[in-house]
Number of protein chains: 2
Amino acid sequence: MNSVSDNRNIALFLADGCEEVEALATADVLKRAHLPVTMVSINETRTVVSSHNVTFEADTTISKINFDAYDMLILPGGMPGTPNLEANDMLVSNVKRFVKEGRMVAAICAAPTILAHAGLLKDRRATCNPGRYEDLIRGDAILTREKVTVDGNIITSQAMGTAIPFALAIVEHFLGSEEAEKLAENIVY
Amino acid sequence: MNSVSDNRNIALFLADGCEEVEALATADVLKRAHLPVTMVSINETRTVVSSHNVTFEADTTISKINFDAYDMLILPGGMPGTPNLEANDMLVSNVKRFVKEGRMVAAICAAPTILAHAGLLKDRRATCNPGRYEDLIRGDAILTREKVTVDGNIITSQAMGTAIPFALAIVEHFLGSEEAEKLAENIVY
């Protein structure tokens, strides 16, 4: 587990077809922890349509952000949200750079496969949606099959049903375990 | 626990200030179970702004629906979403009618207090957000302090962190425990 960090700017990336709860439950928990999270649409506009056909608004678009203003990049899963994120060269090149520079990247559900396909999980402990384990194995990850796995600067998680523990692991990274436990109690998790 | 039902039309009501995860995680789980859920804005338009300032679109507005086309009404919590729902006379009068006619009503977080204030929880087993227990006690409810309580046609739950078990209890009502368990496994809950 990383030590508590003072640099807490978080960017959460949204594509059409993203799993809305993996995105919004994560953002919700981070907001409750008073962590500054920016929801970034990878579309040309702020509007995103989720995997269950809910239309919602991101805070900004990827063309407007400066990646170096952020300390963590978060990738929610969902279909076809995950391949849509993976097809975005600007996003994937920055994810690679973040991982290599030791900066934080977090991915849930199918999204850890983006890291695996980019060669970023080689010899790293990681988890993902059980239906996509093969992608992580092919990427030479050390597959944990856990709900949430923290390996240095990479946090991964399994599915919509693990979005809250995924978000709590991010809170723990930035604010420590006591804050994460207090928040879990507050939301009755 | 109610027996499995064939009449499965569900209306989920959204006010400005609703807790987006309590609303959208519930809808998400119901959609995964192929239960027909309609997200109904109580505003004049379909646009709703959540308690954590996310703008999203409901499927329709309350002025356009026929309550008798629905078999269950769902009330998410959040502040000020809950008092906003409670201030809507059309909604509250239909909630009262549904409960009295033995039709299903489900409420989570602060929203069970709407039922308590309307006198609908007298001698009924129910739960709600721990910060609002007093409202249920004053409404003569039998307070369970459970994550989810099913008492006949009333399903109540505690908070954002219990949205998935809340939704799974609704799936169980309509489709039985086996389907609910299969879905829980599928979303890795």
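Let me sum up the structure you'll find in this document.

Conventions adopted
- In this numbering scheme, every chain counts its residues from 1 along its sequence in written order.
- Each chain takes a letter, starting from A, and each ligand takes a number, starting from 1, following the order in which they are written.
- Local features in a predicted model are, by the rule used here, given only for residues with pLDDT of at least 70; side-chain atom pairs are given and counted only at 80 or more, and totals for whole chains, interfaces and linings are based on all residues.
- Hydrogen atoms and water are omitted, and side-chain values are computed over all heavy atoms in the structure.
- Strands here mean DSSP runs of E at least two residues long; helices mean DSSP runs of H or I at least four residues long; both are numbered from the N terminus.
- Based on C-alpha atoms, the radius of gyration is set beside the globule rule, defined as 2.2 Å times the residue count to the power 0.38.
- Here the term buried applies to any residue with accessible area under 20% of the maximum for its type, exposed to any over 50%, and partly exposed to those in between, with areas from a 1.4 Å probe on protein chains only.
- Residue contacts are counted whenever heavy atoms from the two residues lie within 4.5 Å of one another.
- Computed by Shrake-Rupley with a 1.4 Å probe, the accessible areas treat only the displayed protein chains as cover when residues are assessed.
- Neither His nor the chain termini are counted; the positive set is Lys and Arg, and the negative set is Asp and Glu.
- Here the site of a charge means atom NZ of a Lys, CZ of an Arg, CG of an Asp or CD of a Glu.
- Grid points spaced at 1 Å over the protein atoms alone were grouped into cavities, where a 1.4 Å probe fits but cannot get out, and pockets, open sets with protein on both sides within 12 Å along at least five of seven lines, with lining residues defined by an atom within 4 Å of a point.
- Grid points are joined across faces, edges and corners, and a volume is the space filled by probe spheres set on the points.
- Gly counts as polar in this scheme, as do all residues outside two lists: the nonpolar Ala, Val, Leu, Ile, Met, Phe, Trp, Tyr, Cys and Pro, and the charged Asp, Glu, Lys and Arg.
- The copies were overlaid with a least-squares fit restricted to C-alpha atoms from residues scoring a pLDDT of at least 70 in each copy.
- Between rings of Phe, Tyr and Trp, where Trp is taken as its six-membered ring, a pair exists when centres lie within 6.5 Å; planes separated by under 30 degrees are stacked, by over 60 edge-to-face, and by other angles tilted.
- Geometrically, a lysine NZ or arginine CZ counts as sitting over a ring once it is within 6 Å of the ring centre and also within 35 degrees of the ring normal.

**Description of the overall build of chain A**
On a plain count of helices and strands, chain A comes out with seven helices and eleven strands. A compact globule built from 189 residues would reach a C-alpha radius of gyration of about 16 Å, and chain A, at 15 Å, matches this within 12%. Across its three principal axes, chain A shows a C-alpha extent of roughly 40 × 35 × 30 Å. Sorting the 189 residues of chain A into buried and exposed places 62% on the buried side. When contacts within chain A are restricted to residue pairs at least 6 apart in sequence, long-range pairs at least 24 apart make up 64% of them. When the accessible area of chain A is evaluated, it comes to approximately 7300 Å², of which 45% is carbon and sulfur surface. Side chains of chain A give 17 positive and 25 negative charges; the mean places of these two sets differ by 3 Å.

**Topic: the layout of surface pockets**
The computed volume of the largest pocket comes to approximately 260 Å³. Taken together, 16 residues make up the lining of the largest pocket; nearest its centre are A:Gly78, A:Met79, A:Cys109, A:Asn129 and B:Arg32. Of the residues that constitute the lining of the largest pocket, the class distribution is six nonpolar, six polar and four charged. Of the pockets and cavities examined, the second largest pocket occupies roughly 170 Å³. A:Arg32, B:Gly78, B:Met79, B:Cys109 and B:Asn129 are, among the 15 residues lining the second largest pocket, the residues nearest its centre. Tallied by class, residues from the lining of the second largest pocket come to six nonpolar, five polar and four charged.

**A short note on the relation of the copies chain A and chain B**
Superposing chain A onto chain B requires a rotation of 180° together with a translation of 0.0 Å along the rotation axis, leaving an RMSD of 0.0 Å. In symmetry terms, the pair is related by a two-fold rotation axis. Using C-alpha coordinates, one finds that chain A approaches the rotation axis most closely at A:Phe56, a distance of 2.0 Å. Both copies share a contact surface, since 100% of the interface residues of chain A are interface residues in chain B too.

**Comments concerning the packing of aromatic side chains**
The final tally for this structure, using the stated rule, is two aromatic pairs over all chains. When the ring of A:Phe13 is compared with that of A:Phe67, the centres are 5.6 Å apart and the planes differ by 10°; the resulting orientation is stacked. Remark: A:Phe67 occurs in the loop between β5 (60-61) and β6 (72-75) and A:Phe13 occurs in strand β1 (residues 10-14); sequence separation between them is 54 residues. Accessibility classification places A:Phe13 together with A:Phe67 in one group, the buried group. Geometry around B:Phe98 places B:Arg103 over its ring, the cationic atom sitting 3.9 Å from the centre.

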